[in-house]
Amino acid sequence: MAVKDRDRFSTATRLRLLGEQTAARVYRSQTKRQARRSRLTGRAALLALVVCSLIVALAYPIRQYVSQRAEIADLQRQQERARARVEQLRDLKARWQDDAYAEQRIRERLHYVIPGETGYVVIDPDAVKQSRTNRGADARPWYANVWDGVDKSDRSDR
């Protein structure tokens, strides 16, 4: 019976069938496009937004934390150096408390002698030659001598 109905309304039936087939094709192509396009869902976008906002919110505190840890490590190194220097100074103070050490240093630095001893000062021959070469400085203007003195003191610090 269905065959007779098709035959009787053949044009209308054909058009209806063509319309249904076309609609099915369009629906299938749209679902395929949506499947391809919909990889990033709303949930994934929200999750990405939350993660990015957390990264931005935590970036500055983490940077501060790292810089403060570096500063703490630097201060600890300085503290260790200061402790070592304090120990050196305590040892030096203990040595200066000893009268024999103090007498030795005084005699060496200030050229002191005990009454009854004869003191000798040895002069370096190179130093005498240098002082003779500096005698030519009398003919130059005073500011040149001052400037040479500044240059010599700079070189002696190095």
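Residues numbered from 1 in each chain as written. Predicted model: local features only at pLDDT ≥ 70, side-chain atom pairs only at ≥ 80, totals over all residues. Heavy atoms only, no water.

### Topic: the overall build of the chain
Rules: Elements are defined by DSSP. Helices are runs of H or I of four residues or more, strands are runs of E of two residues or more, and each kind is numbered from the N terminus. The protein chains shown are the only cover counted for residues, whose accessible areas, like all others here, come from Shrake-Rupley with a 1.4 Å probe.
From N to C terminus, the chain includes six helices and zero strands. Secondary structure of the chain in N-to-C order comes out as α-α-α-α-α-α. Carbon and sulfur atoms provide 57% of the accessible area of the chain, an area that totals close to 15,200 Å².

### Thoughts on helix H4 (residues 99-110)
Stated precisely, the cut-off is as follows: Expected span, for any helix, means 1.5 Å times one less than how many residues it has.
The end-to-end C-alpha distance of H4 is 16 Å, a good match for the 16 Å that 12 residues give at a rise of 1.5 Å each. Once H4 ends, the next one or two residues include His111, with phi positive near 60°.

### What about the packing of aromatic side chains?
Here is the rule: Pairing of aromatic rings covers Phe, Tyr and the six-membered ring of Trp, with a centre-to-centre limit of 6.5 Å; geometry is then stacked below 30 degrees between planes, edge-to-face above 60, and tilted otherwise. Exposure categories follow from relative accessible area, calculated using a 1.4 Å probe and restricted to protein chains: below 20% of the type maximum is buried, above 50% is exposed, and the middle band is partly exposed.
Within this structure, the stated rule accounts for two aromatic pairs. Between Trp96 and Tyr101 the ring centres are 5.4 Å apart and the planes differ by 85°, which places this aromatic pair in the edge-to-face class. What makes Tyr101 buried here is its relative accessible area of 17%. Taking the centre distance of 5.8 Å and the plane angle of 80° together, the rings of Trp142 and Tyr143 count as edge-to-face. You can call Tyr143 exposed: its relative accessible area is 54%.

### Describing helix H3 (residues 42-97)
This is how the line gets drawn: Here the bend at each residue means the angle between axes fitted to two seven-residue stretches, the one ending at that residue and the one beginning there.
Here H3 contains 56 residues, and its C-alpha end-to-end distance of 82 Å stays within 8% of the 82 Å for a straight helix at 1.5 Å per residue. Taken as a whole, H3 carries its principal kink of about 35° at Ala59; the proline Pro61 stands between one and four residues after it.

### Observations regarding the confidence of the model for the chain
We apply this condition: The pLDDT value tells you how sure the predictor is about a given residue, anywhere from 0 up to 100.
Model confidence for the chain is summarised by a mean pLDDT of 82, while 79% of its residues fall at 70 or above. When pLDDT is averaged over each helix and strand of the chain, the minimum, 56, is found for helix H1 (residues 2-8) and the maximum, 95, for H3.

### Focus on a nonpolar patch on the surface
So the rule is basically this: Distance thresholds for patches are 9 Å for like charges and 5 Å for nonpolar side chains (Val, Leu, Ile, Met, Phe, Trp, Tyr), applied to residues having over 30% relative accessible area and no salt bridge. We count a salt bridge whenever a side-chain nitrogen from Lys or Arg sits within 4 Å of a carboxyl oxygen from Asp or Glu.
A cluster of nonpolar side chains, namely Leu46, Leu49, Val50, Leu54, Leu58, Ile62, Tyr65 and Val66, defines an oily patch on the protein surface of about 810 Å² accessible area. Note on placement: Leu49 falls in helix H3. Look at Leu49 and you get exposed, because its relative accessible area is 57%.

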